[in-house]
There are 2 protein chains.
Amino acid sequence: MRKENSTNFLNEKDLANNCGMYYTITLIGGRWKISILAALLDHEVMRYSEIKTRLTNITERMLIKQLKELQDDGLIIRNDYKEVPPRVEYSISKKGRSLEKLLIEMQQWGKKHSKE
Amino acid sequence: MRKENSTNFLNEKDLANNCGMYYTITLIGGRWKISILAALLDHEVMRYSEIKTRLTNITERMLIKQLKELQDDGLIIRNDYKEVPPRVEYSISKKGRSLEKLLIEMQQWGKKHSKE
DNA sequence: ACAAGTACCTACAAAATTGTAGGTACCAAC
DNA sequence: GTTGGTACCTACAATTTTGTAGGTACTTGT
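Rules used throughout
Residues numbered from 1 in each chain as written. Chains lettered and ligands numbered in written order. Predicted model: local features only at pLDDT ≥ 70, side-chain atom pairs only at ≥ 80, totals over all residues. Heavy atoms only, no water. Least-squares fit on C-alpha atoms with pLDDT ≥ 70 in both. Contact = heavy atoms within 4.5 Å. Buried < 20%, exposed > 50% of the residue type's maximum accessible area, 1.4 Å probe, protein only. Helix = DSSP H or I, 4+ residues; strand = E, 2+ residues; numbered from the N terminus. Pairing = 2+ DSSP bridges. Expected span 1.5 Å × (residues − 1). Arc of directions from axis to C-beta. Axes fitted to C-alpha atoms, helices over the stretch in contact; angles between N-to-C directions. Buried area = accessible area lost by both parts, 1.4 Å probe. Salt bridge = Lys/Arg side-chain N within 4 Å of Asp/Glu carboxyl O. Parallel < 35°, antiparallel > 145°, perpendicular 65-115°, else oblique. Nonpolar A, V, L, I, M, F, W, Y, C, P; charged D, E, K, R; others polar.

Enquirer: Help me understand the relation of the copies chain A and chain B in this model?
Expert: Two copies of the chain are present, and they differ by a rotation about an axis and a shift along that axis. When chain A is fitted onto chain B, the two copies agree to an RMSD of 0.0 Å after a turn of 180° and an axial shift of 0.0 Å. Both copies of the chain, as the preceding transformation shows, are related through a two-fold rotation axis. It is Gly29 of chain A whose C-alpha, among those of chain A, lies nearest the rotation axis, at 3.3 Å. Taken together, the interface assignments show that 100% of the residues at the interface of chain A recur at the interface of chain B, consistent with an identical surface on both copies.

Here it is in structure tokens:
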């Protein structure tokens, strides 16, 4: 759905390629991504429905979308048991786990400065 | 220009209020914000035109917009000399400077993981 | 009188993201 | 044979972000 030759697209791609910070932000900047990551960082494995319950305001469309992107970026792992009714478990990947320290610091910075 | 009662707006506000990480991301997540912050973190003061020259692909509309948001969020300081022709200098604030460590870590993480 | 330089601003259009409201498949239990 | 549960999907609409193409004010230099 993205136009791969729009100025917008090219600008973003350029930034992500040349700037480590921006690349990092593109991975965790989606609306619900850090919420999902935070959930998976302290749960080892979670079923789709458990994540949905935890993120009270998210819609299914958004949840699926963000999960898929996190998965494509290698931050989380999807495990489909191919059962009926479906059972799918998500867990954090090694790459995802390596973000933990950063996320904690972002949490602390945010808490400290959000009331200024 | 934002609808202050749209689901979209409320969801974002809710996240920013309740989650330090998300708050942090909203401040630095704009398309050009970290580029601007990075520039100001290693220049002490920069004129508007200097920033524009450094961010080669940015348009004036976006530069002004991102500068204003960074200023509203207290990360940078605008100093208007009220001269003609205009002279306006931007510099990093104390709050902005306190992000430096985090940004460096994001840079390192990004550099390390962007080729996986 | 006219161009040049600086730091903006504005209306409109294009593109991207997010939300709404439905639907699917499969099997088990009633 | 209808219902319930799970993890999705899809079309469309609303919202938001970003880009394009112009314009402004003021003064100095030519």
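Continuing now.
Enquirer: Please clarify how the pairing of strand E3 (residues 88–92) of chain A should be interpreted in this entry.
Expert: Along any regular strand the residues' side chains alternate between the sheet's two faces. All names here are of chain A. Within E3, five of the five residues are buried, leaving the element largely enclosed by the surrounding structure. Alternating residues of E3 divide into Val88, Tyr90 and Ile92 and Glu89 and Ser91, and every residue in both groups is buried. Two strands pair when backbone bridges link them, and strand E1 (residues 45–47) and E3 are joined in this way by three bridges, in the antiparallel orientation. Each residue of the ladder has a partner; that of Met46, found in E3, is Tyr90. Looking at chain direction, strand E2 (residues 76–80) and E3 are connected through five bridges and run antiparallel.

Enquirer: Even after reading the chapter, I still don't get helix H7 (residues 100–113) of chain B, so can you show me in this structure?
Expert: Since the α-helix advances by 3.6 residues per turn, residues separated by three or four positions end up pointing in the same direction. Residue and element names in this part refer to chain B. If you check H7, its first and last C-alpha atoms are 20 Å apart, about what 14 residues at 1.5 Å a residue would give, namely 20 Å. The complete set of buried residues in H7 reads Leu102, Leu103, Glu105, Met106, Trp109, Gly110 and His113. Looking straight down H7, one finds that the buried residues subtend no more than 160° of arc, so they occupy a single side. Exposed and oriented more than 90 degrees from the buried face of H7 are Lys101, Gln108, Lys111 and Lys112.

Enquirer: Looking at this model, I keep getting lost on the sheet that holds strand E3 (residues 88–92) of chain B. Mind explaining?
Expert: Either a parallel or an antiparallel arrangement is found when strands of a sheet pair, and the pairing is made through backbone hydrogen bonds. Residue and element names in this part refer to chain B. As summarised here, the arrangement of the three strands in space is E1-E3-E2, forming an open sheet in which the pairing is antiparallel. Lying at the two open borders of the sheet, with one neighbouring strand each, are strand E1 (46–47) and strand E2 (76–80). Relative to the sheet, helix H3 (residues 33–41) contacts E1, E2 and E3, its axis offset from that of E3 by approximately 90°.

Enquirer: Any chance you could explain the interface of chain A and chain B here in plain terms?
Expert: A common way to state how big an interface is: give the accessible area lost once the parts meet. Residue-level contacts link 39 residues of chain A with 39 residues of chain B. Summing both partners gives a buried area of about 3500 Å² for chain A against chain B, and 65% of it is carried by carbon and sulfur. Looking only at chain A, the three residues that lose the most surface to chain B are Met21, Arg31 and Trp109 of chain A, adding up to 23% of its buried area. Our count for the chain A to chain B interface comes out at four salt bridges.

Enquirer: Mind showing me how you'd approach the packing of helix H2 (residues 20–28) of chain A against H7 of chain B here?
Expert: If you want to describe how two helices pack, look at the angle between their axes and the distance between the axes. Between H2 of chain A and H7 of chain B, whose axes approach to 7 Å, the crossing angle comes to 85°. Between H2 of chain A and H7 of chain B, the crossing angle belongs to the class labelled roughly perpendicular. Across the interface between the two elements, Gly20, Met21, Tyr23, Thr24, Ile25 and Leu27 of chain A of H2 of chain A pack against Leu103, Met106, Gln107, Trp109, Gly110, Lys111 and His113 of chain B of H7 of chain B. Of the residues assigned to the contact of H2 of chain A with H7 of chain B, the class counts are seven nonpolar, five polar and one charged.

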